[in-house]
Amino acid sequence: MQEADLIALAKRIQRIQCETQTIEVKAAQGGCPTKLYGTLSGFSNQDDGGIILFGLDEKEKFKLVGVYDAQDLQKKVTEQCKQMEPQVRPLFTVAEMDGEMIVSAEIPAVDISERPVYYRGVGKIKGSYVRVCESDEPISEYEIYSYEAFRKQVQDDLRRVEKAKLSLFDEVKFNNYLAAVKRERKNLAESVPDDEIMELMGVTAEGVPTIAGIMSFSKYPQGYFPQLCITAVSLPGLLMGDLGDDDERFIDNQRITGSIPDMIEPAVDFVRRNSRNKTIIDDDGKRRDKLEYPPKAVREAVLNALVHRDYSVHSQNIPVRIEMYRDRMEIINSGGLYGKITIDSLGKVRPDTRNSALANILELLDVTENRYSGIPTIRSECAKAGIPAPVFEVRRGEFKVIFKNNIFQAENKRSRETLQKELLEFCNIPKTREEITTFTGFSRTHTMNGVIQPLVNAGLLRLTLPDKPKSSKQTYASRQ
């Protein structure tokens, strides 16, 4: 960066009073920090890299303190960079700010094929870090495995399931698949016996069913891997743990099992069943339901989660999860983005495929197109339904799709001030918790903690039974 950019960055940090995902601040007025390995590793292992800024003191509210010696600082930081594997190559900038010298070291991202970058002094397991917000945290063994699996092109969907039996495959489904293979893959239609087709297509490996095989054809894959399923919950509040009006934790709760083709529609049905749909009267007088979440988008998100999840031994005990909250729905699968694709390029470029054999099998079963159209379809369906664009997140080995609904957003269009004014008028006559919860339209937990309690604290709302705050007969009244 240029000197002016460095000074502007330092002033911005002083203004916002915090470090970030890509900015680390070190004082360095008394010498070079001796343990930069965590930050060097964390920045190198994320797609955006990062910047270490020397010369501000975080403990003194990011006060400008300058560095002890800009030249020697660069030398010692470089020495630490050389102890990383692979070596980190920083780009330094030196600038004078209000009479003090400050230094930045830009740490470039390393290609995913070379990650994780780690400190050689303690080895890969203990010396690898990942950046989480403004801190450097030790990388997990699973995250290390993910990097190595891509580098070595490990195909976990071709992992043999020694206990599995071909006799427990769904015969109709499997025969339809073989017919499709012979119809669509002409070079396999003649003179190739069925057992060899199964080997070539990844259904079996040395005669033993693979993960791809059992997840596509087994009558009950969960007999081998109980958690290779979908857990779906509908929740009463905005966070896991919020309780409903009757102290219920879940509105609905279902474990969806079977092969991948058998799990998709029950998952879509769960979402439909637990959605708050609107009835709309068209201009011609006809009634129609406007769904909270578009079914095609839900189907694609569920399918993507099942097809592209990680099927390694590290995550075979983690199910795909559907979590429906009052304001959103989240679909989560183990395994972050695979290969070199980034969040910003999802649906725009052809990605690497984690489970290519499984995707190929499901294509021939007409379950998926296998043409990388899933993300564009999700975005298109959300736009047509008039709901916000989906949000995609990757965090510590998990991939998450977040759908926001319009129903909760509409409920919250009223400003806080307007809601408080209306509620105080409503409580001119004392009201129970249930009556107030119905009035706000929020969950009981959010109503009590986010609406009622602030008004009580402000002295605008009073408890009619102040000595018994938890009484079931408690009511709330506006102060006259």
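The following paragraphs examine the structure supplied in this document. Residue positions are given per chain, counting from 1 as you read along its sequence in written order. Per-residue local features are limited, in this predicted model, to residues with pLDDT of at least 70; the limit for side-chain atom pairs, both in listing and counting, is 80 or more; totals at the level of whole chains, interfaces and linings are taken over all residues. Hydrogens are left out, water is left out, and the side-chain values use all remaining heavy atoms of the structure.

## Looking at the overall build of the protein
So, point 1. Numbering of helices and strands runs from the N terminus; a helix is a DSSP stretch of H or I covering at least four residues, while a strand is a stretch of E covering at least two. Scanning the protein for helices and strands turns up 16 helices and 23 strands.
So, point 2. Counting only contacts in the protein whose residues sit at least 6 apart along the sequence, the fraction spanning at least 24 positions is 66%.
So, point 3. Accessible area of the protein: about 24200 Å², with a carbon and sulfur share of 48%.
So, point 4. Here the protein carries 68 positive and 71 negative side-chain charges, and the mean point of each set is 3 Å from the other. Every residue pair with non-hydrogen atoms within 4.5 Å of one another is taken to be in contact. Per-residue and other accessible areas follow the Shrake-Rupley method at a 1.4 Å probe size, with only the shown protein chains counted as cover for residues. When charges are counted, Lys and Arg contribute as positive and Asp and Glu as negative, whereas His and the chain ends are disregarded. Note that the charge is assigned to NZ on lysines, CZ on arginines, CG on aspartates and CD on glutamates.

## Observations regarding the nonpolar core
So, point 1. Residues enter a nonpolar core if they are buried and are Ala, Val, Leu, Ile, Met, Phe, Trp, Tyr or Cys, with the set joined through side-chain atoms within 4.5 Å. With a 1.4 Å probe rolled over the protein chains alone, any residue whose accessible area is under 20% of its type maximum counts as buried; one over 50% counts as exposed, and the rest are partly exposed. Ranked by size, the top nonpolar core spans 66 residues in total, and within it Y177, V203, I230, I260, I322, M329 and F403 carry the most contacts.
So, point 2. No other element matches the 8 residues that helix 10 (residues 295-308) contributes to this core.
So, point 3. Residues within four places of I230 in sequence aside, it is in contact with Q254, R255, I256, M263, A267, V302, L306, V320 and I322.
So, point 4. F43, A70, A105 and I107 belong to the second largest nonpolar core, which has 22 residues in total.

## Brief notes about the sheet that holds strand 19 (residues 391-395)
So, point 1. Only strands that DSSP links by at least two bridges are regarded as paired with each other. Spatially, 6 strands are ordered 14-13-17-18-20-19 in an open sheet, and the strand pairing comes out mixed. Each of the sheet's edge strands pairs with one partner strand only, and the pair in question is strand 14 (252-256) and strand 19. Strand-to-strand twist in this sheet, taken as the mean axis angle between neighbours without regard to direction, amounts to 15°.
So, point 2. To obtain each axis, a line is fitted to C-alpha atoms, and for helices this fit is confined to the stretch in contact; angles are then taken between N-to-C directions over 0 to 180 degrees. Against the sheet, helix 9 (residues 260-273) engages strand 13 (230-234), strand 14, strand 17 (320-324) and strand 18 (328-334), with an angle of about 175° to strand 14.

## Focus: the pattern of salt bridges
So, point 1. A side-chain nitrogen of Lys or Arg and a carboxyl oxygen of Asp or Glu constitute a salt bridge if their distance falls within 4 Å. Under the defined criterion, the tally for this structure stands at 24 salt bridges.
So, point 2. Two residues, D136 and R131, come together in a salt bridge whose shortest N-O distance is 2.9 Å.
So, point 3. Ionic pairing is found between K173 and D262, a salt bridge with its closest N-O pair at 3.1 Å. You can see K173 sitting in helix 6 (residues 171-184) and its partner D262 sitting in helix 9, a full 89 residues away along the chain.
So, point 4. Relative accessible area serves as the criterion here: at 14%, K173 is assigned to the buried category.
So, point 5. Put simply, E24, K26, R131 and D136 are held in one network by salt bridges that share partners.

## Comments concerning the sheet that holds strand 22 (residues 461-463)
Strand pairing within a sheet occurs via backbone hydrogen bonds; the two strands may be parallel or antiparallel.
So, point 1. Pairing is antiparallel in the open sheet, where 3 strands are placed in the order 21-23-22. Each edge of the open sheet carries a strand with a single partner, namely strand 21 (431-432) and strand 22.
So, point 2. Bridge analysis of strand 22 against strand 23 (residues 475-478) gives 3 bridges, and the strand direction is antiparallel. Bridge pairing links L463 to Y476 in strand 23.

## Topic: the packing of helix 15 (residues 433-440) against helix 16 (residues 444-457)
So, point 1. Relative to each other, helix 15 and helix 16 sit at 90°, their axes nearing to 9 Å. With respect to each other, helix 15 and helix 16 are oriented roughly perpendicular. Residues R433, E434, I436, T437 and T440 of helix 15 touch helix 16, and the partners they reach there are R444, T447, M448, V451 and I452. Should an angle lie under 35 degrees it is considered roughly parallel, over 145 roughly antiparallel, and from 65 to 115 roughly perpendicular; all remaining angles are considered oblique.

## Description of helix 9
What sets the pattern is the α-helix's 3.6 residues per turn: residues three or four places apart point alike.
So, point 1. Over its 14 residues, helix 9 runs 20 Å from end to end, which matches the ideal 20 Å to within 8%, given 1.5 Å per residue.
So, point 2. For helix 9, the complete set of buried residues consists of I260, M263, I264, A267, V268, F270 and V271. Seen from one end, helix 9 has its buried residues packed into an arc of 155°, which puts them on one side. Every helix has an expected span of 1.5 Å times one less than the residues it contains. The arc in question is the one spanned by the directions pointing from the helix axis to the C-beta atoms.

## Remarks on the packing of helix 14 (residues 416-426) against helix 16
So, point 1. Their axes nearest at 11 Å, the elements helix 14 and helix 16 cross at an angle of 70°. By the angle class used here, helix 14 and helix 16 are roughly perpendicular. Crossing geometry of helix 14 relative to helix 16 is assigned as right-handed. Between helix 14 and helix 16, the residues in contact are R416, L419, Q420, L423 and L424 and G450, V451 and L455, respectively.
So, point 2. Here the nonpolar group is Ala, Val, Leu, Ile, Met, Phe, Trp, Tyr, Cys and Pro; Asp, Glu, Lys and Arg are the charged ones; every other residue, Gly included, is treated as polar. Split into classes, the residues belonging to the contact of helix 14 with helix 16 amount to 5 nonpolar, 2 polar and 1 charged. The handedness criterion is simple: a crossing whose near helix is rotated anticlockwise from the far helix by less than a right angle is left-handed, and one whose near helix is rotated clockwise is right-handed.

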